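Observations on the three-dimensional arrangement
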Number of protein chains: 2
Amino acid sequence: MRVRAVVAYDGTDYQGFQRQASAPTVQGTLEAALAQVTGETIGLLPAGRTDTGVHAEGQVIAFDTEWRHPLATLQRALNAVLPPDVAVRDVAAADARFHPRYDARSRRYRYTIYRHPTRSPLVRRTSLHVAAALDLAAMEAAARMLVGWHDFAAFGTPPKGDNTVREVMQATWHSDPPWLFFNIEANAFLYRMVRRIVGTLLQVGLGRMTVAEFQDVLAARGRLQSGPAAPPHGLCLVEVKY
Amino acid sequence: MRVRAVVAYDGTDYQGFQRQASAPTVQGTLEAALAQVTGETIGLLPAGRTDTGVHAEGQVIAFDTEWRHPLATLQRALNAVLPPDVAVRDVAAADARFHPRYDARSRRYRYTIYRHPTRSPLVRRTSLHVAAALDLAAMEAAARMLVGWHDFAAFGTPPKGDNTVREVMQATWHSDPPWLFFNIEANAFLYRMVRRIVGTLLQVGLGRMTVAEFQDVLAARGRLQSGPAAPPHGLCLVEVKY
């Protein structure tokens, strides 16, 4: 039986999602829990590979298992053996051909900024602290330019053999002081694309780049450099849609 | 010069506030930062001592220093050398006789509960996960009984030589799904009082204790036992008023 599961994790203490031989990863942790609970050796398929330090509320995985009890029991058993920073939020039976990456219609990410003169210890793991003034109107104007089909070569590298054209369905800032959220949804993302977009939009907000220059970076399709990538701890994979 | 400072911390990795010889504490961490920045040996006075694992947004401390530069510079220097899980949120000059504990009119705490069928990795350090159904109306009715002057002997022990009578100004539940917050303000609290109140109110919410039995526990002034203390990680010292 193929099972589709929604997984959440605090990425702080992991070297990203993808399994590595000698570093703690989310995939390795999930596969160890699956082995412990089912007694099977299970390799899982993810919707995407999040970077070191990036979080998820709605990562989607699929795996095949001989499990014969209710799926709710599988979920409870997995959550009982998983560490506190990884949890299975939902499980459901899936079509045998379901592939979380190739079948996904879109991914939604949220980047969280904590705007305050001083940093806050209680939110440090899941938000970027920005004390400097930000020109939110400029950041919103630049974000609007991302929507639609564009060549995002300036903002990331594709998997080998793939192109750099992606469709962004949504790219909006939402201010709820002291919080500032960037929500972005696309059919797919290039490597580091969200963090480089956020980092470049922050350059616009800080007055180090104009909206017109942001437009130029996007239009130059990789011949102009984007700004630096924003740090990973503000980023969260919120949802994968099918 | 006596300085009053507001301090925030993530209590997860500390053995409480109060300095200990051989364990990491918030007080020890703050005093080490003060020594590093000022070159002086400074002993600080806190408004109260939070337990192991308890957080603070608004702990208040006072200390004496020979610092001759602007206080904003002192704050920035402290935040530069403090670890990420402790921060100085505000500093101000205070009267030489200011004492954060004896001068406090009231303290306000918040207890955060995450109500959801499954636990969430991203909020695990600052909230208690409760999957079971809770009778919120019963918890609110019981909480209302706490308001006013009462002998809280059932809910905590006082410092040596002190009595167990305290005034609770506010004790309310606020539901904002999936969050449930308990806000309590009192002139002062006994040792573990908030956690034992929350733990007992949860017994009421879970149907293991009636509102009348809760009333009995309060009225018995220590001759009846309260419920167990709720775990520390949901608790946060929000504000100290003067």
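Reading the values: the criteria
Residues numbered from 1 in each chain as written. Chains lettered and ligands numbered in written order. Predicted model: local features only at pLDDT ≥ 70, side-chain atom pairs only at ≥ 80, totals over all residues. Heavy atoms only, no water. Axes fitted to C-alpha atoms, helices over the stretch in contact; angles between N-to-C directions. Helix = DSSP H or I, 4+ residues; strand = E, 2+ residues; numbered from the N terminus. Parallel < 35°, antiparallel > 145°, perpendicular 65-115°, else oblique. Left-handed = near helix turned anticlockwise from the far one by under 90°. Contact = heavy atoms within 4.5 Å. Nonpolar A, V, L, I, M, F, W, Y, C, P; charged D, E, K, R; others polar. Least-squares fit on C-alpha atoms with pLDDT ≥ 70 in both. 1 Å grid on protein atoms, 1.4 Å probe; cavity = no way out; pocket = protein on both sides within 12 Å on 5 of 7 lines; lining within 4 Å. Points joined across faces, edges and corners; volume = space filled by probe spheres on them. Buried area = accessible area lost by both parts, 1.4 Å probe. Salt bridge = Lys/Arg side-chain N within 4 Å of Asp/Glu carboxyl O. Polar contact = N/O pair within 3.5 Å; in protein donor to acceptor, adjacent residues only side chain to side chain. Buried < 20%, exposed > 50% of the residue type's maximum accessible area, 1.4 Å probe, protein only. Domains from an automatic or database assignment.

This brings us to the packing of helix α3 (residues 136-144) of chain B against helix α4 (residues 193-205) of chain B. Residue and element names in this part refer to chain B. Contact pair α3 / α4: the axes reach a minimum separation of 8 Å and the direction vectors enclose 140°. With respect to each other, α3 and α4 are oriented oblique. The hand of the α3/α4 crossing is right-handed. Only Leu201, Leu202, Val204 and Gly205 of α4 make contact with α3, whose side of the interface consists of Ala138, Met139, Ala142 and Ala143. A class-by-class count of the residues in the contact of α3 with α4 yields seven nonpolar, one polar and no charged.

At an RMSD of 0.0 Å, chain B and chain A line up after a rotation of 180° and a shift of 0.0 Å along the axis. Within this description, the copies of the chain are treated as partners about a two-fold rotation axis. Here 100% of the interface residues in chain B have copies in chain A that are interface residues too; the copies meet face to matching face.

Looking now at the layout of surface pockets. Space inside the largest pocket adds up to approximately 1400 Å³. Considering the residues around the largest pocket, the lining is formed by 47 residues, among which Val123 and Trp179 of chain A together with Val123, Thr126 and Trp179 of chain B are closest to the centre. Broken down by secondary-structure element, the contributors of at least two residues to the lining of the largest pocket are β3 (55-64), β5 (106-115), β9 (179-186) and β10 (235-241) of chain A together with β3 (55-64), β5 (106-115), β9 (179-186) and β10 (235-241) of chain B. Classifying every residue of the lining of the largest pocket gives 20 nonpolar, 15 polar and twelve charged.

Residue and element names in this part refer to chain B. Remark: helix α1 (residues 26-38) packs on helix α2 (residues 71-81), axes separated minimally by 9 Å, with the N-to-C direction vectors making an angle of 120°. Judged on the interaxial angle alone, α2 and α1 are oblique. Of the two possible hands of crossing, α1 and α2 adopt the one that is right-handed. Here Ala33, Leu34, Gln36, Val37 and Thr38 of α1 come into contact with α2, specifically with Leu74, Ala77, Leu78 and Val81. The class makeup of the residues in the contact of α1 with α2 is seven nonpolar, two polar and no charged.

Residue-level contacts link 27 residues of chain B with 27 residues of chain A. Of the roughly 1900 Å² buried where chain B meets chain A, counting both sides, 51% is carbon and sulfur surface. In terms of surface lost to chain A, no three residues of chain B exceed Arg89, Arg119 and Leu122 of chain B, which account for 37% of the buried area on that side. Its salt-bridge partner being Asp10 of chain B, residue Arg124 of chain A comes within 3.0 Å of it at the nearest N-O pair. For the pair chain B and chain A, the number of links is 20 residue pairs in polar contact (both at pLDDT 80 or more). Sorting the residues of the side of chain B that touches chain A by element identifies β1 (2-9), β3, α2 and β4 (86-94) of chain B as the ones contributing at least two each.

Moving on to the side chain of Thr65 of chain B. All names here are of chain B. With respect to the element layout, Thr65 can be found in the loop between β3 and α2. Looking at Thr65, the relative accessible area reads 4%, which means it is buried. Here the side chain of Thr65 touches Glu40 through a polar contact of 2.6 Å, side chain to side chain. What Thr65 contacts, discounting residues up to four positions off in sequence, is Met1, Val3, Thr38, Glu40 and Ile42.

A separate point is the domain arrangement of chain A. All names here are of chain A. By the assigned domains, chain A splits into domain 1 (2-94) and domain 2 (106-241). Carbon and sulfur atoms supply 48% of the area buried between domain 1 and domain 2, which totals about 1200 Å² over both sides. When the buried area of domain 1 at its contact with domain 2 is split by residue, Asp51, His55 and Glu57 rank highest and sum to 40% of it. Applying the counting rule to domain 1 against domain 2 returns five salt bridges.

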